[in-house]
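Structural features, examined
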Amino acid sequence: MKTYDIIVVGAGHAGCEAAHAAATMGSSVLLVTMNMETIAKMSCNPAMGGVAKGQIVREIDALGGMSGVVTDETMIQFRMLNRSKGAAMWSPRAQSDRQLFSIKWRSLLENNPNVHFFQDMVASLIIEHGEVSGVNTQMGYSFRSRAVVLTSGTFMNGLIHIGRSQFGGGRMAERASTGITAQLESLGFEAGRMKTGTPPRVDGRSLDYSKMEEQPGDEQPGKFSFSQTAPLIHQRSCHITYTNSDVHAILREGFEDSPMFNGTIQSIGPRYCPSIEDKINRFAERDRHQIFVEPEGWDTVEVYVNGFSTSLPFDVQERALRLIPGFEEAEIFRPGYAIEYDYFPPTQLQLTLETKILPNLYFAGQINGTTGYEEAACQGLMAGINAHLNLHNQDPLILDRSEAYIGVLIDDLVNKGTEEPYRMFTSRAEYRILLRQDNADTRLTPIGHKIGLASDDRLQQLHVKEEHVNQLLNFYSEQSVSPEEVNPLLTQLNTPEINQKVKLDRILLRPQVRGEDLNQLPLVQSITSGYSVEEQEQAEILTKYQGYIEKEKEMADKMQRLEHIKISDQFDFHALKSLSSESREKLSRLKPKTIGQASRISGVSAADISVLLVYFGR
């Protein structure tokens with residue numbers, strides 16, 4: 001029987017990133033999937049990125065992961081969201097070709113000589129001497145490994161609901177995975193149930209787009225990867241339409257048959273991506289809800305109805321859809337449905353994503369209570385990295401909250417847990433001015449290169465970019481402009497004129513002035529034309545937000561001191577009677593490694609942290 005370094009169970013977004021990362025770093029990886037044809041399948045919407053999620057994809061790319069590269073190679077539209085807000089809120093989002101996305105990921109993995117494949121369902125884990133040492137499959141085969149990364153998605157005991165109909169499945173037309181939950185529970189793991197859902201897919205030929213609002217991509221589309229992926233030339237538009245009171249009336253007719261309302265579904269769904277029936281119930285005062293009509297790819301007529309996730313009976317879905325403007329003749333390819341599945345509260349994990357109970361077993365993705373491709377992919381990346389580092393007796397990679405959204409996500413999960421599907425938002429990050437999408441490579445590529453994941457070319461590209469940005473910063477801070485040169489532009493931008501020469505960076509600090517505005521000046525254009533749009537934007541951001549950036553760095557440095565005060569695994573919190581009883585219980589159960597980690601555990605107060613600091617002589 002062949003032994004692998006790492007077995008990755010599941011080939012969704014988490015599994016693909018885990019397998020790629022560990023294999024690229026040098027581990028032999030077996031990727032076990034129930035269906036080789038659905039590797040990296042986009043189970044829900046055909047899109048990557050979005051608010052905070054786009055930052056995560058850029059962070060994955062900066063470390064050397066592949067979600068950004070695959071997205072760039074398969075996207076059909078690109079938009080930078082929140083351009084009207086501050087740079088910390090700018091978030092890239094792409095519509096993807098669903099089939100091409102999966103094909104590209106499979107090709108990428110097949111071209112990695114350290115990645116091996118097997119198609120079967122994993123029925124149980126092999127556990128020897130209190131450690132995971134492989135997997136057993138449904139067909140009776142056993143594979144041994146030194147570590148296992150479990151990325152089960154929605155497949156573990158998955159149950160699909162459409163009206164009063166329910167049947168086992170991990171996705172529509174795909175069977176559920178069984179066996180592992182019961183085994184882990186017998187070993188002392190706590191498990192729970194969560195719910196998510198998906199909308200119907202319709203035939204785009206049956207829609208009347210003239211009744212909808214067109215939503216094109218950016219005129220100058222960006223991309224996710226910091227590598228030399230090709231720019232997007234042609235794009236497909238999305239469209240926007242709205243529900244109405246007649247749609248809502250039809251939907252309410254189906255409530256008695258809805259598993260959401262008749263008690264069939266007991267588990268909790270995603271708060272920030274509710275089903276359409278949940279929306280009209282919770283927000284009864286609203287007479288319409290926005291619907292995004294998203295094409296599924298370049299060469300298909302299938303359309304994703306974003307905003308209409310539902311588990312209502314098929315006939316109700318059809319009648320309600322046909323009352324939406326543009327959908328009067330809509331033909332449904334696949335109905336929407338809800339799915340319940342098993343997850344394991346992530347407070348049972350270490351910050352490396354290794355389980356506390358079973359050494360060498362890692363969890364990543366929806367098994368940890370998250371929702372979204374991006375959240376899953378970054379967990380898979382970190383689990384794959386840390387499994388490899390652990391096998392080679394190297395220090396783990398744990399990203400701090402001030403280093404990456406990935407660090408925020410994992411820290412939240414491990415220290416706070418989640419009772420509903422966790423979704424990343426910019427508001428979850430205390431240091432979001434530091435964690436911008438434009439500087440993910442500056443923050444993380446040196447780290448990715450050091451561990452052997454980001455290539456030499458990636459690091460060299462970063463050095464060139466940083467040099468160019470510094471040259472632009474020097475130009476803005478040293479070059480003066482006269483009133484004659486700049487006042488016509490300032491008048492045009494409705495900002496006060498100047499009456500003497502000033503440095504360009506003083507002009508750029510004005511909120512009404514953008515770098516692209518200054519490029520209208522011949523003097524500036526002659527210099528900046530030699531730099532990329534991304535380099536110019538980063539120089540502008542660093543100029544405008546330098547004061548805020550420095551303040552956040554100071555705050556992060558102060559908090560970082562708490563991360564250096566270590567706590568032994570054997571420390572007896574119950575012996576500190578000055579701690580609150582809730583704090584003693586939670587600290588004893590979660591066993592934080594540092595004072596900083598302890599400070600972020602729900603129920604541990606500032607007074608409790610003061611007690612710990614006094615005890616540790618700080």
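Here's a quick rundown of the structure.

What counts and what doesn't
Residues numbered from 1 in each chain as written. Predicted model: local features only at pLDDT ≥ 70, side-chain atom pairs only at ≥ 80, totals over all residues. Heavy atoms only, no water. Helix = DSSP H or I, 4+ residues; strand = E, 2+ residues; numbered from the N terminus. Rg over C-alpha atoms; globule rule 2.2 N^0.38 Å. Buried < 20%, exposed > 50% of the residue type's maximum accessible area, 1.4 Å probe, protein only. Contact = heavy atoms within 4.5 Å. Areas by Shrake-Rupley, 256 points an atom, 1.4 Å probe, with all protein chains shown as cover. Lys, Arg positive; Asp, Glu negative; His and termini not counted. Charge placed at Lys NZ, Arg CZ, Asp CG, Glu CD. Pairing = 2+ DSSP bridges. Axes fitted to C-alpha atoms, helices over the stretch in contact; angles between N-to-C directions. Parallel < 35°, antiparallel > 145°, perpendicular 65-115°, else oblique. Left-handed = near helix turned anticlockwise from the far one by under 90°. Phe/Tyr/Trp six-rings, centres within 6.5 Å; stacked < 30°, edge-to-face > 60°. Nonpolar A, V, L, I, M, F, W, Y, C, P; charged D, E, K, R; others polar. Disulfide = S-S within 2.5 Å. Core = buried A, V, L, I, M, F, W, Y, C linked by side-chain atoms within 4.5 Å.

1. Some points on the overall build of the protein
Tallying secondary structure elements over the protein gives 21 helices and 22 strands in all. Its C-alpha atoms give the protein a radius of gyration of 26 Å, within 12% of the compact-globule value 25 Å for 618 residues. Expressed along its principal axes, the backbone C-alpha trace of the protein runs to roughly 80 × 70 × 50 Å. Across the 618 residues that make up the protein, the buried fraction comes to 59%. The contacts in the protein between residues at least 6 apart in sequence include a share of 72% that link residues at least 24 apart. Carbon and sulfur atoms make up 48% of the accessible area of the protein, which totals about 25400 Å². When the 62 basic and 78 acidic side-chain charges of the protein are each reduced to a single mean position, those positions are 4 Å apart.

2. Some points on the pairing of strand S5 (residues 91-96)
Most of S5 is tucked away: six of the six residues are buried. Alternating positions in S5 separate into two faces, Ser91, Arg93 and Gln95 on one and Pro92, Ala94 and Ser96 on the other, with burial throughout. Bridging between strand S3 (residues 47-49) and S5 involves three bridges; their strand directions are antiparallel. Opposite Ala47, over in S5, you have Gln95 as the bridge partner.

3. Here we look at the sheet that holds strand S17 (residues 302-306)
Strand order in the open sheet formed by six strands is S14-S15-S16-S17-S13-S18, and the pairing between neighbours is antiparallel. With partners counted over all chains shown, the strands left at the sheet margins are strand S14 (213-215) and strand S18 (332-334), one partner each. Geometrically, the sheet is characterised by an average inter-axis angle of 35° between neighbouring strands, direction not taken into account. Across three bridges, the pairing between S14 and strand S15 (residues 238-242) is antiparallel. Within S15, the residue paired with Glu213 across the bridge is Ile240. Across the sheet, helix H8 (residues 314-321) is in contact with strand S13 (201-203), S17 and S18; its angle to S18 comes to roughly 140°.

4. Comments concerning the packing of helix H12 (residues 456-478) against helix H17 (residues 533-544)
A pair of packed helices can be characterised by two numbers: the angle between their axes and the separation between those axes. Between H12 and H17, whose axes approach to 9 Å, the crossing angle comes to 55°. Comparing their axes, H17 and H12 come out oblique. At the point where H12 passes H17, the crossing takes the right-handed sense. Across from Lys465, His468, Val469, Leu472, Leu473 and Tyr476 in H12, the residues of H17 making contact are Glu534, Glu535, Gln536, Gln538, Ala539, Leu542 and Thr543.

5. A word on the packing of aromatic side chains
Applying the stated rule across the entire model yields 13 aromatic pairs. Ring centres of Phe571 and Tyr615 lie 5.3 Å apart, and the angle between their planes is 70°; on these two criteria the pair is classed as edge-to-face. One end of the pair, Phe571, is in the loop between helix H18 (546-563) and helix H19 (581-590); the other, Tyr615, is in helix H21 (residues 606-615), and 44 residues separate them in sequence. A centroid spacing of 5.5 Å and a plane angle of 35° characterise the contact between Phe571 and Phe616, whose relative ring orientation is tilted. Remark: Phe616 occurs in the segment after H21 and Phe571 occurs in the loop between H18 and H19; sequence separation between them is 45 residues. Since its relative accessible area comes to 16%, Phe571 is described here as buried. The exposure class assigned to Phe616 is partly exposed, which follows from its relative accessible area of 24%. An aromatic cluster of at least three residues, connected via ring pairs, comprises Phe571, Phe573, Tyr615 and Phe616.

6. Focus on the packing of helix H6 (residues 245-253) against H8
Running from N to C, H6 and H8 point in directions that differ by 175°, and their axes come no closer than 9 Å. Judged by the angle between their axes, H6 and H8 are roughly antiparallel. Only Val316, Arg319 and Ala320 of H8 make contact with H6, whose side of the interface consists of Val247, Ile250, Leu251 and Glu253. Among the residues making up the contact of H6 with H8, the classes are represented as five nonpolar, no polar and two charged.

7. Quick word on the state of the cysteines
Tallied over the entire structure, the rule returns zero disulfides. In this structure Cys238 is a free cysteine whose sulfur lies 14 Å from that of Cys44, the closest cysteine sulfur available. Left unpaired, Cys378 is separated from the closest cysteine sulfur, that of Cys16, by 14 Å. A residue is classified by how much of its surface remains accessible, and Cys378, at 0% relative accessible area, is buried.

8. A look at the sheet that holds strand S19 (residues 337-343)
Strand order in this open sheet of four strands is S11-S10-S19-S12, and the pairing throughout is antiparallel. Each edge of the open sheet is held by one strand with a lone partner, namely strand S11 (165-168) and strand S12 (192-198). Pairwise comparison of adjacent strand axes, ignoring direction, gives a mean angle of 25° for this sheet. Note: strand S10 (residues 159-162) against S11, four bridges, orientation antiparallel. The partner of Leu159 across the bridge, within S11, is Gly168.

9. A few points about the nonpolar core
If you look at the biggest cluster of nonpolar residues, it comprises 106 residues, and the most contacted ones within it are Leu184, Leu361, Ile385 and Ile406. At 11 residues, the largest contribution of residues to this core is made by helix H9 (residues 373-391). Among all residues touching Ile406, those that are not within four sequence positions of it are Ile56, Glu59, Ile60, Leu63, Cys378, Met382 and Leu399. If you look at the next biggest cluster of nonpolar residues, it comprises 22 residues, including Ile280, Val293, Val303 and Leu312.

By themselves, these are just geometric observations and shouldn't be taken as functional.
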